[in-house]
Amino acid sequence: MLEQEISRRRLLLGAGCLLGGALLSSPAMASRSTAGRELSFFNLNTGERVSASYWEDGRYLKDGLAELNHIFRDYRRNEVFNIDRKLFDQLYLLQHKLGRHGEIQLISGYRSPVTNRQKRSRSRGVAKHSYHTLGQAVDVRIPGVQLAHLRKAALNLKVGGVGYYPSDNFVHLDTGPVRSW
């Protein structure tokens, strides 16, 4: 009789723990499954705008990435390239760090090697092996955010390169090694 009572207690205790654990983890699972990432851009060169959800339920979304890749394209040659997903994550984190969720002004995204060579022949500030040609860099500004503040927030993320171009009114971000200039 004592063994049956102990077994019954263990069974009830185990069932209670399982039920309690399930109840406690439900809100966390629900919030994780509904969390998504969206970015909005205005391409200053083409006048195009896009808002796209690119990540949801722990996975990247093909359609959202395609929309972002398109607006990041080399507009001079109309070449679309698969942009490094970490760059979109970097921009998403940056917006959250700044408490801004509006449109990001896109100055330069992907650059074909041909376009990069042309730009390099006209300007000393264009890298020969630019991360732009790898789909790993972007030049941006965010309306309502001072450029120096944008730079500081990007540096504080400590993910990739951060270039500061106040005379040209943009900040460069890339997914290369952590560095700044």
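We now turn to the structure provided with this report. (Residues numbered from 1 in each chain as written. Predicted model: local features only at pLDDT ≥ 70, side-chain atom pairs only at ≥ 80, totals over all residues. Heavy atoms only, no water.)

Our next topic: the sheet that holds strand β6 (residues 161-165). Strand order in this open sheet of eight strands is β3-β2-β1-β4-β5-β7-β6-β8, and the pairing throughout is mixed. One side of each edge strand has no neighbouring strand; the edge strands of this open sheet are β3 (59-60) and β8 (179-180). Bridge count between strand β5 (residues 137-141) and strand β7 (residues 170-174): four bridges; the pairing is antiparallel. Within the sheet, the bridge partner assigned to Ala137 lies in β7 and is Asp174. (Pairing = 2+ DSSP bridges. Helix = DSSP H or I, 4+ residues; strand = E, 2+ residues; numbered from the N terminus.)

All right, on to the packing of helix α3 (residues 85-98) against helix α5 (residues 147-157) then. Viewed as axis vectors pointing N to C, α3 and α5 meet at an angle of 115°, and their least axial separation amounts to 10 Å. Where α3 crosses over α5, the two elements pack in a sense that is right-handed. In contact with Gln90, Leu93, Leu94, Lys97 and Leu98 of α3, α5 contributes His149, Leu150, Ala153, Ala154, Asn156 and Leu157. For the contact of α3 with α5, a count of residues per class yields seven nonpolar, three polar and one charged. (Axes fitted to C-alpha atoms, helices over the stretch in contact; angles between N-to-C directions. Left-handed = near helix turned anticlockwise from the far one by under 90°. Contact = heavy atoms within 4.5 Å. Nonpolar A, V, L, I, M, F, W, Y, C, P; charged D, E, K, R; others polar.)

What follows concerns the environment of Gly64. On the secondary structure map, Gly64 appears in helix α2 (residues 62-71). Sequence separation between Gly64 and Ala52 is twelve residues, and the spatial gap between their C-alpha atoms is 5.1 Å. With near-sequence residues (within four places) excluded, Gly64 lies in contact with Ala52, Ser53 and Tyr54.

Relative to the assigned elements, His132 resides in the loop between α4 (113-122) and β5. Within the local environment of His132, its side chain forms a polar contact with the side chain of Asp139, the two groups lying 3.4 Å apart. Residue contacts for His132: discarding those within four places in its chain leaves Ser108, Gly109, Tyr110, Arg111, Ala137, Val138, Asp139 and His172. (Polar contact = N/O pair within 3.5 Å; in protein donor to acceptor, adjacent residues only side chain to side chain.)

As a further point, take the pattern of salt bridges. Counted under the stated rule, the structure contains seven salt bridges. In this structure, the salt-bridge partner of Arg37 is Asp89, at a minimum N-O distance of 3.0 Å. Of this pair, Arg37 sits in strand β1 (residues 36-43) while Asp89 sits in helix α3; the two residues are 52 residues apart in sequence, bridging distant segments of the chain. The residue Arg49 makes a salt bridge to Glu103 at a minimum N-O spacing of 2.8 Å. Placement of the pair is Arg49 in strand β2 (residues 49-56) and Glu103 in the loop between α3 and β4 (104-108), with a sequence separation of 54 residues. Given the relative accessible area of 57%, Arg49 is considered exposed. (Salt bridge = Lys/Arg side-chain N within 4 Å of Asp/Glu carboxyl O. Buried < 20%, exposed > 50% of the residue type's maximum accessible area, 1.4 Å probe, protein only.)

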